[in-house]
Amino acid sequence: MSIIKDSDESAERNYWLMKSEPNCFSLSDLKNRPEGTEPWDGVRNYQARNLLRDDIKCGDGVLFYHSNISQPAIVGLAHVVREGYPDHTALDPGSDHFDPRATEAKPIWYMVDVQYLASLSAPITRRDLSQHPGLATMGVMKKGNRLSVQPVTQGQWQAVLLLAGMDDPFTV
DNA sequence: GCCAACGTTGGC
DNA sequence: GCCAACGTTGGC
């Protein structure tokens, strides 16, 4: 929530960073989905669940981050096209993300749908981030941080786009 | 492959 | 409610 008074709707937009292991689900996997859209399922962490269920809204911007590889990096942009709804993979005994405690009435786990927007012409690596004063403080850079969905400030979002040499997809 | 950091579980 | 044990994440 911005404290700066602004009648522009863009002031309502929030920004997030979402991690994915590209061996599991990469940015190009997202791009190749129908409509470039995919449910962000399988999150099994309560802090991230709360964000998915309560805070992440349609139209929010997403930095797509590849983790657990030799060069972890922000690789692209996405946006939220459907707000928090029950993650049905928790109910599926055949799913890797099955949770026997989850029921239709009490789903426990939630997800959002994200849609591909753009790939960065060059990934922004952790080294790049660490050398940028405005980005070195990002949550993803903190040692031991393993939140797979985490908030990003508008300033960080803009700094990433500036570094990437891209126009903000949300500005006209 | 190593290992530090973290979240969760479960005994008490 | 405490806390040790454990499993997982994820950078390096």
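Placed above this text is the structure.
Quick summary incoming for the structure in this document. Please read these numbers as outputs of a predicted model, since none were measured by experiment. (Residues numbered from 1 in each chain as written. Chains lettered and ligands numbered in written order. Predicted model: local features only at pLDDT ≥ 70, side-chain atom pairs only at ≥ 80, totals over all residues. Heavy atoms only, no water.)

This next bit is on the protein's contact with DNA strand C. As a structural note, the neighbourhood of DNA strand C is formed by Lys19, Tyr65, Ser67, Asn68, Pro72, Arg126, Asn145 and Arg146. Of everything in DNA strand C that lies within 4 Å of the protein, sugar and phosphate atoms constitute 74%. Within the backbone of asparagine 68, one N or O atom sits 2.9 Å away from a phosphate oxygen of DNA strand C. Contacts to DNA strand C include arginine 126, whose side-chain N or O atom sits 3.5 Å from a phosphate oxygen. Its residues assigned to classes, the surface near DNA strand C shows two nonpolar, three polar and three charged. (Near = heavy atom within 4 Å. Polar contact = N/O pair within 3.5 Å; in protein donor to acceptor, adjacent residues only side chain to side chain. Nonpolar A, V, L, I, M, F, W, Y, C, P; charged D, E, K, R; others polar.)

The complete set of buried residues in helix H2 (residues 46–55) reads Ala48, Arg49, Leu51 and Leu52. In a view along the axis of H2, the buried residues occupy a sector of 160 degrees, so they form one face of it. Near the N-terminus of H2, the side chain that reaches the backbone nitrogen of glutamine 47, with its oxygen 3.0 Å away, is that of asparagine 45. (Buried < 20%, exposed > 50% of the residue type's maximum accessible area, 1.4 Å probe, protein only. Helix = DSSP H or I, 4+ residues; strand = E, 2+ residues; numbered from the N terminus. Arc of directions from axis to C-beta.)

Turning next to unusual backbone geometry. Unusually for a residue other than glycine, glutamate 35 sits at a positive phi of about 65 degrees. Note on glutamate 35: relative accessible area 68%, which makes it exposed. Backbone geometry places isoleucine 108, a non-glycine residue, at a positive phi of 65 degrees.

Our next topic: the protein's contact with DNA strand B. Around DNA strand B, the neighbouring residues are Asn45, Tyr46, Lys143, Gly144 and Arg146. Sugar plus phosphate, as a fraction of atoms of DNA strand B within 4 Å of the protein: 65%. Looking at the surface near DNA strand B residue by residue, the classes come out as one nonpolar, two polar and two charged.

So, on to the pattern of salt bridges. Summed over all chains, the structure comprises five salt bridges. Residue aspartate 54 is joined to arginine 53 by a salt bridge in which the shortest nitrogen-to-oxygen separation is 2.9 Å. On the basis of relative accessible area, aspartate 54 is assigned to the partly exposed category, the value being 36%. Among the salt bridges present, the one from lysine 57 reaches glutamate 83, with a minimum N-O distance of 3.9 Å. One end of the pair, lysine 57, is in the loop between H2 and strand E3 (61–66); the other, glutamate 83, is in strand E4 (residues 73–86), and 26 residues separate them in sequence. Classification of lysine 57 by relative accessible area gives partly exposed; the value is 35%. (Salt bridge = Lys/Arg side-chain N within 4 Å of Asp/Glu carboxyl O.)

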